[in-house]
Amino acid sequence: MTADHSPERPGGASDAPHAPAGRDAVVTDSSADLFDERLHVPWWWWLAAVVLTGVVGYEIQLSAHGSSWSAIGYVVTAALCALMLWSMGRTRIRVSPDRELHAHRARLPRAVVARGATVPATAKSAALGRQLDPAAYLVHRSWVKTMVLIVLDDPDDPTPYWLVSTRRPAELLAALGIDDAAANRPGVAD
């Protein structure tokens, strides 16, 4: 039985886009992911970039004494701001169909995960500060308020746990098939 005619895809090949052949065959179908989130910067940062472009462009125009090339300052500043914000918001967190966590460029198989917990915004500074193990793996974005803590059970890996920023921690843990240890503690309010 081929993947296109499996029980998960009863409609066969007509329901799914055709998979690329050859060396492009490693491209994954993101619609099959159990969880997918891109950690974009907040929308108002783009408004701040517009203001910054105006201020810096105007300063460049003033220093160029209004010459014909002084408008280039606006274009260059806008391009640099857009490039910076775009690159900051490229981080992607996803869980593949085989329950493998992809956090930015790193991958974590489900088989090495012992347990997981949400880290609320109120506990984030403690988790990243005095309680942080230097050997932990971090995918932290400051504009994302919540995180997940994923404890590893791999004797070959010196990394004790992962801390991953996500706006939807409960969905991420559910996609991994992990119970939220923070939700199971007595005295923890929703």
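Residues numbered from 1 in each chain as written. Predicted model: local features only at pLDDT ≥ 70, side-chain atom pairs only at ≥ 80, totals over all residues. Heavy atoms only, no water.

Draft legend 1. Local environment of the sheet that holds strand β4 (residues 106-108). Strand order across the open sheet formed by four strands is β1-β2-β3-β4, with antiparallel pairing between neighbours. Of all strands in the sheet, those bounded by a partner on one side alone are β1 (35-38) and β4. Strand after strand, the sheet turns through a mean of 10° between neighbouring axes, direction not considered. Examined bridge by bridge, strand β2 (residues 92-95) and strand β3 (residues 101-103) share three bridges and lie antiparallel to one another. Opposite Arg94, over in β3, you have His102 as the bridge partner. Here helix α4 (residues 169-176) sits on the sheet in contact with β1, β2 and β3, set at roughly 40° to β2. (Pairing = 2+ DSSP bridges. Helix = DSSP H or I, 4+ residues; strand = E, 2+ residues; numbered from the N terminus. Axes fitted to C-alpha atoms, helices over the stretch in contact; angles between N-to-C directions. Contact = heavy atoms within 4.5 Å.)

Draft legend 2. Seen up close, the pattern of salt bridges. In total, this model carries four salt bridges according to the counting rule given. Where Asp33 meets Arg92, a salt bridge forms, and the shortest distance between an N and an O atom there is 3.5 Å. Placement of the pair is Asp33 in the segment before β1 and Arg92 in strand β2, with a sequence separation of 59 residues. Overall, Arg92 belongs to the partly exposed group, its relative accessible area being 24%. Of the charged contacts in the structure, one is a salt bridge between Asp33 and Arg94, with a shortest N-O distance of 2.9 Å. Of this pair, Asp33 sits in the segment before β1 while Arg94 is found in strand β2, placing the two residues 61 residues apart along the sequence. Assigned by exposure class, Asp33 and Arg94 land together as buried. Connected through shared salt-bridge partners, Asp33, Asp36, Arg92 and Arg94 make up one network. (Salt bridge = Lys/Arg side-chain N within 4 Å of Asp/Glu carboxyl O. Buried < 20%, exposed > 50% of the residue type's maximum accessible area, 1.4 Å probe, protein only.)

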